[in-house]
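Inside the fold
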Amino acid sequence: MASKSKVAKANREPKFSSRRERRCNMCGRPRAVYRKFGVCRICIRNLADRGLIPGLRKASW
């Protein structure tokens, strides 16, 4: 889980737009966040396994 202070800092309006930090909407993870869904790779995999994201499913072979 992300610390509360880092999440609060990421939610503030940055001085410059390039300083914006994207975080996962579910767990607050700062890395590997998909812009289209707004969640990290780990959460997107869990959601895809449960079938909660339409048109997306986990590959298995």
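Residues numbered from 1 in each chain as written. Predicted model: local features only at pLDDT ≥ 70, side-chain atom pairs only at ≥ 80, totals over all residues. Heavy atoms only, no water.

Within an unreviewed UniProt entry, the label attached to the protein chain reads Small ribosomal subunit protein uS14, and the organism entered is Blastopirellula marina. Regarding the protein chain, the relevant UniProt record gives this comment under Function (unreviewed entry): "Binds 16S rRNA, required for the assembly of 30S particles and may also be responsible for determining the conformation of the 16S rRNA at the A site." The UniProt entry for the protein chain carries the following comment under Sequence similarities (unreviewed entry): "Belongs to the universal ribosomal protein uS14 family. Zinc-binding uS14 subfamily." (UniProt positions renumbered as here; feature names shortened; annotations may be inferred.)

Notes on the pattern of salt bridges
The full count for this structure, using the stated rule, is one salt bridge. We note a salt bridge from Arg23 to Glu21, for which the minimum N-O separation is 3.5 Å. Given a relative accessible area of 15%, Arg23 falls into the buried group. (Salt bridge = Lys/Arg side-chain N within 4 Å of Asp/Glu carboxyl O. Buried < 20%, exposed > 50% of the residue type's maximum accessible area, 1.4 Å probe, protein only.)

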